[in-house]
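As a plain string of letters, each chain reads:
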Number of protein chains: 4
Amino acid sequence: MHSPHLFETTLKVRDYETDSQGIVNNANYLHYLEIARHDFCESRGTSFLAMHSMGLDPVVRRIEIDYLQSLTMGDTMRLTIDVERLGARFLFKQHIYNAATGAHVVKADVTVVVLEQGRLSRGDTVASLLSL
Amino acid sequence: MHSPHLFETTLKVRDYETDSQGIVNNANYLHYLEIARHDFCESRGTSFLAMHSMGLDPVVRRIEIDYLQSLTMGDTMRLTIDVERLGARFLFKQHIYNAATGAHVVKADVTVVVLEQGRLSRGDTVASLLSL
Amino acid sequence: MHSPHLFETTLKVRDYETDSQGIVNNANYLHYLEIARHDFCESRGTSFLAMHSMGLDPVVRRIEIDYLQSLTMGDTMRLTIDVERLGARFLFKQHIYNAATGAHVVKADVTVVVLEQGRLSRGDTVASLLSL
Amino acid sequence: MHSPHLFETTLKVRDYETDSQGIVNNANYLHYLEIARHDFCESRGTSFLAMHSMGLDPVVRRIEIDYLQSLTMGDTMRLTIDVERLGARFLFKQHIYNAATGAHVVKADVTVVVLEQGRLSRGDTVASLLSL
């Protein structure tokens, strides 16, 4: 199936990710978003580990996240990623949907910069590795 | 000591909260911010559990978080909270500082709404409980 | 492929599960073992949530776990499960292997009892649901 | 207050450590036990980080843990540590109690060995650092 997004993946809620209200704790959505970004890198033939060994370290500088709906134990989610380059920054526009109902769960804008040998770079090498 | 903030607390980084780069994983800062909000509630003589038993559920709707510096294993942090009411929303203006160096680690704006018996409310009961 | 085990599944290490030494933190293996047990239940057509709604709650009473090797970021693991019934107890004999190298990572004996309506039971209903 | 144990500390349950049943997830007790061991090291004037920088890495080889009671959101726990040396192994005998009720929550035997420059050692340097 063709997706209108740069990348899509799915994940399932793990029981220990829910809190005493039976819903996924807010912090875990940041884990889900990070996993999706890692999976995106692997879909492009690289990884954070591979980039790190080349002296390239993508670092999250800012996250804006809207919690629209909750996920609960047993739910499966669909995660989408699109990326915009804004100068030296990569803006990951990410969304999470409940895979069963289609409900929009989370909207997040994640700003990433790239350190090269520990120094802020323009990110061209990473952009090239990720075909962005 | 008098603080210029509504509330202050301290926390120490736990080893398992760091990732393979030896620095605290982004998601854990949301845990720290949440713990600070819980501690604030307790400083006002209530708790999320107590409010829940009264049918009051504060829910995070949006987080804007800037990652300015990293914390690493063994670090202690100072967390500050100030709160503004904007209509039915509570805006928690939170900061995290490295307790040893004073470095500004995280700046976060956390928007919270209050459900009463499961329905969106103006939050007046919670505001009163928290003396806001 | 036929497995000599009652159940097998695979999981991939997530970056935030590693600690400052770059290896998976000990506690996360308990998560992996739990996920494998949940997946086993689903392979038998039920789930902890479904059992809970029937008043059945499997509860871990004891774990013996040997850490033989470490997993690191990017590793994929193979998890196997076998089950023995010992009176009212279910003994889950679980193993984790590095999927790429075959190295034996973890050996764990997990003792589970079943509460029915909150009371210790002989577990016959759960055994039947899981075809044990 | 004099304790009959080698070391004692207290911790409070964090909301995100509970699962959908409102009780602390099994894996988190391993975190609590680890935090207690780290605090013990600091009470002796050293730390895992300091030992690591000296080429000394204590590594958990085996855990036997009995789950006797559950902790829930808001609970405070008391953790005790005693240590026995068995050849090259350090056996940490650890207990967790509900601080409010005194209920015995967890009993754990944690076997630790020490790597020196990456090789299994007799652990004499660590024993000396920890006054064991």
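See above for the structure.
Definitions and cut-offs
- Per-chain numbering applies: the sequence of each chain, read as written, is numbered from 1 onward.
- Written order decides the labels, with chains lettered from A and ligands numbered from 1.
- The predicted origin of the model limits local features to residues at a pLDDT of at least 70 and limits the giving and counting of side-chain atom pairs to 80 or more, whereas totals for whole chains, interfaces and linings rest on all residues.
- By convention in this description, side-chain values take in all heavy atoms of the structure and omit both hydrogens and water.
- Secondary structure elements follow DSSP: runs of H or I no shorter than four residues count as helices, runs of E no shorter than two count as strands, and numbering proceeds from the N terminus.
- Whether a residue is buried, partly exposed or exposed follows from its accessible area with a 1.4 Å probe, protein chains only, as a fraction of its type maximum: under 20%, in between, or over 50%, in that order.
- Whether two residues are in contact is decided by their heavy atoms: any pair within 4.5 Å suffices.
- Copy-to-copy alignment: least squares on C-alpha atoms, limited to residues at pLDDT 70 or above in both.
- Take the number of residues in a helix, subtract one, and multiply by 1.5 Å to get its expected span.
- Any pair of nitrogen or oxygen atoms within 3.5 Å is treated as a polar contact; in protein, a donor-acceptor pairing is required on top of that, and neighbouring residues in sequence qualify only through side-chain atoms on both sides.
- Once two parts are joined, some of their accessible surface, as seen by a 1.4 Å probe, is lost; buried area is that loss totalled over both.
- When residues are sorted by character, Ala, Val, Leu, Ile, Met, Phe, Trp, Tyr, Cys and Pro go into the nonpolar class, Asp, Glu, Lys and Arg into the charged class, and all the rest, Gly among them, into the polar class.
- Pairing between strands is defined by DSSP: at least two bridges between the two strands are required.
- The convention used is that axes are lines fitted to C-alpha atoms, helices contributing only their stretch in contact, and that angles between N-to-C directions extend from 0 to 180 degrees.
- By the definition adopted for this analysis, an angle is roughly parallel if under 35 degrees, roughly antiparallel if over 145, roughly perpendicular if from 65 to 115, and oblique otherwise.
- Ring pairs shown here join Phe, Tyr and Trp side chains whose ring centres sit within 6.5 Å, with only the six-membered ring taken for Trp; geometry is labelled stacked below 30 degrees between planes, edge-to-face above 60, and tilted in between.
- By convention a nonpolar core is built from buried Ala, Val, Leu, Ile, Met, Phe, Trp, Tyr and Cys residues, the set being connected through side-chain atoms within 4.5 Å.

### Here's the deal with the side chain of histidine 38 of chain B
In step 1: In this fold, histidine 38 of chain B is placed in helix α1 (residues 26-43).
In step 2: We classify histidine 38 of chain B as buried; its relative accessible area is 15%.
In step 3: Residue contacts for histidine 38 of chain B: discarding those within four places in its chain leaves Phe48 of chain B together with Asp15 and Met73 of chain D.

### Digging into the relation of the copies chain A and chain B
In step 1: When chain A is fitted to chain B, the best match, at an RMSD of 0.0 Å, comes from turning it 180° and sliding it 0.0 Å along the axis. Here the two chains are linked by the operation of a two-fold rotation axis. Nearest to the rotation axis, the C-alpha of glutamate 64 of chain A is located 2.2 Å from it, this being the minimum over chain A.
In step 2: Interface overlap between copies is the fraction of interface residues in one copy that are interface residues in the other; for chain A against chain B it reaches 100%, indicating a shared surface.

### Description of helix α1 (residues 26-43) of chain A
Residue and element names in this part refer to chain A.
In step 1: Relative to the 26 Å expected for 18 residues at 1.5 Å per residue, α1 spans 27 Å between its end C-alpha atoms, a close match to the ideal helical length.
In step 2: Counted residue by residue, α1 has 15 buried out of 18 residues, so it is predominantly covered.
In step 3: Looking at where α1 begins, the residue whose side-chain oxygen comes 3.0 Å from the main-chain nitrogen of alanine 27 is asparagine 25.
In step 4: Glycine 45 lies just past α1 and shows a positive phi near 85°.

### Topic: the interface of chain A and chain B
In step 1: Counting from both sides, the interface comprises 17 residues of chain A and, opposite them, 17 residues of chain B.
In step 2: Buried area between chain A and chain B, summed over both chains or domains, comes out near 1700 Å², and the portion from carbon and sulfur atoms is 40%.
In step 3: Applying the counting criterion to the chain A and chain B interface returns ten residue pairs in polar contact (both at pLDDT 80 or more).
In step 4: Elements with a minimum of two residues in the side of chain A that touches chain B: α1 and β2 (56-67) of chain A.
In step 5: In terms of residue count, β2 of chain A provides more of the side of chain A that touches chain B than any other element does, nine residues in total.
In step 6: Partitioned by chemical class, the residues of the side of chain A that touches chain B number six nonpolar, five polar and six charged.
In step 7: Alignment of β2 of chain A against strand β2 (residues 56-67) of chain B, held across five bridges, turns out to be antiparallel. Paired with isoleucine 65 of chain A across the strands is isoleucine 63 of chain B, a residue of β2 of chain B.

### Some details on the relation of the copies chain D and chain A
In step 1: Rotating chain D by 180° and moving it 0.0 Å along the rotation axis overlays it on chain A with an RMSD of 0.0 Å.
In step 2: Interface overlap between copies: 100% of the residues of chain D at the interface are likewise at the interface in chain A, consistent with a symmetric, same-surface contact.

### A closer look at the packing of α1 of chain A against α1 of chain B
In step 1: For the pair α1 of chain A and α1 of chain B, interaxial distance at closest approach is 8 Å and the crossing angle is 175°. The angle between α1 of chain A and α1 of chain B places the two elements in the roughly antiparallel class. Here α1 of chain A contributes Asn26, Ala27, Leu30 and His31 of chain A to the contact with α1 of chain B, which in turn contributes Asn26, Ala27, Leu30 and His31 of chain B.
In step 2: Class assignment of the residues belonging to the contact of α1 of chain A with α1 of chain B gives a composition of four nonpolar, four polar and no charged.

### Considerations on the packing of aromatic side chains
All names here are of chain A.
In step 1: Per the counting criterion, the structure on display carries 16 aromatic pairs over all chains.
In step 2: Seen in terms of ring centroids, tyrosine 29 and tyrosine 67 are 5.7 Å apart; in terms of plane orientation they differ by 65°. Their pairing is edge-to-face. Here the residue tyrosine 29 occupies a position in helix α1, and tyrosine 67 occupies one in strand β2, the gap between them amounting to 38 residues.
In step 3: Since its relative accessible area comes to 2%, tyrosine 29 is described here as buried.
In step 4: Grouping aromatic residues by their ring pairs yields a cluster made of Phe7, Phe40 and Phe92.

### Some remarks on the pairing of strand β2 (residues 56-67) of chain C
In step 1: Two strands pair when backbone bridges link them, and β2 of chain C and strand β5 (residues 104-116) of chain C are joined in this way by eleven bridges, in the antiparallel orientation. Directly across from aspartate 57 of chain C, in β5 of chain C, lies its bridge partner leucine 115 of chain C.

### Topic: the environment of phenylalanine 7 of chain A
In step 1: Take phenylalanine 7 of chain A: it is sitting in strand β1 (residues 7-12).
In step 2: Separated by 30 residues in sequence, phenylalanine 7 of chain A and arginine 37 of chain A have C-alpha atoms that sit 9.0 Å apart.

### A few points about the environment of threonine 72 of chain B
Residue and element names in this part refer to chain B.
In step 1: Within the secondary structure layout, threonine 72 lies in the loop between β2 and β3 (76-86).
In step 2: Its relative accessible area of 31% is what places threonine 72 among the partly exposed residues.
In step 3: Distance from threonine 72 to aspartate 19, taken between C-alpha atoms, is 9.4 Å for residues 53 residues apart in sequence.
In step 4: Excluding its chain neighbours within four sequence positions, the residues that come into contact with threonine 72 are Val13, Thr18, Gly22 and Ile23.

### Overview of the nonpolar core
In step 1: Of all hydrophobic cores here, the largest spans 75 residues; its most connected members are Tyr29, Ile65 and Ile96 of chain A together with Tyr29, Ile65 and Ile96 of chain B.
In step 2: Setting aside its immediate chain neighbours within four residues, tyrosine 29 of chain B contacts Val24, Ile65, Tyr67, Gln69, Ser70, Leu71, Ile96, Val105 and Val106 of chain B.
In step 3: Residues Cys41 and Val112 of chain C together with Val60 and Leu130 of chain D belong to the second largest nonpolar core, which totals 73 residues.

Honestly, that's just the spatial picture; any functional story needs more than this.
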